[in-house]
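The primary structure of each chain is shown beneath.
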Amino acid sequence: QKEVEQNSGPLSVPEGAIASLNCTYSDRGSQSFFWYRQYSGKSPELIMSIYSNGDKEDGRFTAQLNKASQYVSLLIRDSQPSDSATYLCAVIWTGNNRKLIWGLGTSLAVNP
Amino acid sequence: EPEVTQTPSHQVTQMGQEVILRCVPISNHLYFYWYRQILGQKVEFLVSFYNNEISEKSEIFDDQFSVERPDGSNFTLKIRSTKLEDSAMYFCASSPDSYEQYFGPGTRLTVT
């Protein structure tokens with residue numbers, strides 16, 4: 001059974017701080033990794049994808065992948081109240097027709 | 001910026017009735033998906049569709065479910081005889097390359 005695990009939180013950070021979100025996955029045969037943001041009652045919104053070990057930066061967001069340790073993380077710099085949402089980690093495994101397997105998500109609260 | 005659209009936004013139906021959920025994927029995308037999310041639970045894969053046929057379906061996607069792409073733009077999910085446990089948010093997603101998947105706003109299905 002392939003699993004994606006996230007700490008459900010809530011993670012609370014002050015405005016302007018760095019928020020660090022983590023995700024672990026169960027199978028080394030994983031291929032592609034994604035972070036989605038989901039506001040309450042809304043659909044997941046793709047914010048980052050990462051495919052190889054190391055860091056990938058996009059604006060205030062940095063995704064980090066370590067396949068040997070089977071974790072992927074998301075850093076949000078200069079956190080804003082509008083970043084308050086649930087952050088979902090999703091994984092595509094090799095050979096599974098590219099379906100996303102999801103974590104439960106980490107709830108982030110950025111306090112003004 | 002092109003978006004995935006879904007209709008209706010909310011559907012209330014009685015147990016045993018048929019429902020059709022509609023999606024218009026992003027126009028140049030080739031891969032289409034349906035996911036669902038029961039309140040408070042993980043997003044779950046239902047089915048993927050490529051080249052006018054199902055690529056993969058989950059255990060949830062039993063004989064009560066079907067998908068169609070009746071014309072060049074719409075992508076539909078039909079549930080033939082709804083059950084109480086089908087109550088969930090249903091999300092359509094599309095992808096240009098089967099990796100990055102972009103989600104529509106969802107249809108909230110309530111079965112009474």
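Okay, so let's go over this structure. Each residue is numbered by its place in its chain's sequence as written, counting from 1. Labels follow written order: the first chain is A, the first ligand is 1, and so on. In view of the model being predicted, local features appear only for residues whose pLDDT reaches at least 70, and side-chain atom pairs are presented and counted only at 80 or more, with totals across whole chains, interfaces and linings using the full set of residues. As a rule here, side-chain values cover all heavy atoms of the structure and leave hydrogens and water aside.

**Comments concerning the overall build of chain B**
- Along chain B, the regular secondary structure elements total zero helices and 11 strands.
- Its helices and strands in sequence order give chain B the pattern β-β-β-β-β-β-β-β-β-β-β, from N to C terminus.
- In this description the radius of gyration comes from C-alpha coordinates, and the expected globular size is given by 2.2 Å times residues to the power 0.38. The globule rule puts the C-alpha radius of gyration for 112 residues at 13 Å, and the 13 Å found for chain B is close to it.
- Across its three principal directions, the C-alpha atoms of chain B cover 35 × 25 × 25 Å.
- Burial here depends on accessible area, computed with a 1.4 Å probe over protein chains only, as a share of the maximum for the residue type. Under 20% is buried, over 50% is exposed, and the range in between is partly exposed. A burial count over chain B gives 45% of its 112 residues as buried.
- Total accessible area computed for chain B in this model is approximately 5,700 Å², and 46% of it derives from carbon and sulfur atoms. The helix count covers DSSP runs of H or I at least four residues long, the strand count covers runs of E at least two residues long, and both are numbered beginning at the N terminus. Computed by Shrake-Rupley with a 1.4 Å probe, the accessible areas treat only the displayed protein chains as cover when residues are assessed.

**Quick look at the sheet that holds strand S7 (residues 61-66) of chain A**
Residue and element names in this part refer to chain A.
- Pairing is antiparallel in the open sheet, where five strands are placed in the order S1-S3-S8-S7-S6. Edge positions in the sheet fall to strand S1 (4-5) and strand S6 (54-58), since each has one partner strand and no second.
- Here, a strand pair is defined by DSSP locating no fewer than two bridges between the strands. With six bridges joining them, S7 and strand S8 (residues 71-76) adopt antiparallel strand pairing. Counted as the bridge partner of Ala63 is Leu74 from S8.

**Considering the layout of surface pockets**
- Of the grid points, spaced at 1 Å and generated over the protein atoms alone, those admitting a 1.4 Å probe that cannot get out make up cavities, while open sets with protein on both sides within 12 Å along at least five of seven lines make up pockets; any residue with an atom within 4 Å of a point is treated as lining. Grid points are joined across faces, edges and corners, and a volume is the space filled by probe spheres set on the points. In this model, the largest pocket occupies a volume close to 580 Å³.
- Taken together, 25 residues line the largest pocket, and the ones lying closest to its centre are Ser43, Pro44 and Glu45 of chain A together with Glu3 and Phe103 of chain B.
- Counting only elements with at least two residues in the lining of the largest pocket, the list comes to strand S4 (30-38) and strand S5 (45-50) of chain A together with strand S10 (102-103) of chain B.
- Looking at the lining of the largest pocket residue by residue, the classes come out as 11 nonpolar, eight polar and six charged. Residues are grouped as follows: Ala, Val, Leu, Ile, Met, Phe, Trp, Tyr, Cys and Pro are nonpolar; Asp, Glu, Lys and Arg are charged; every other residue, Gly included, is polar.

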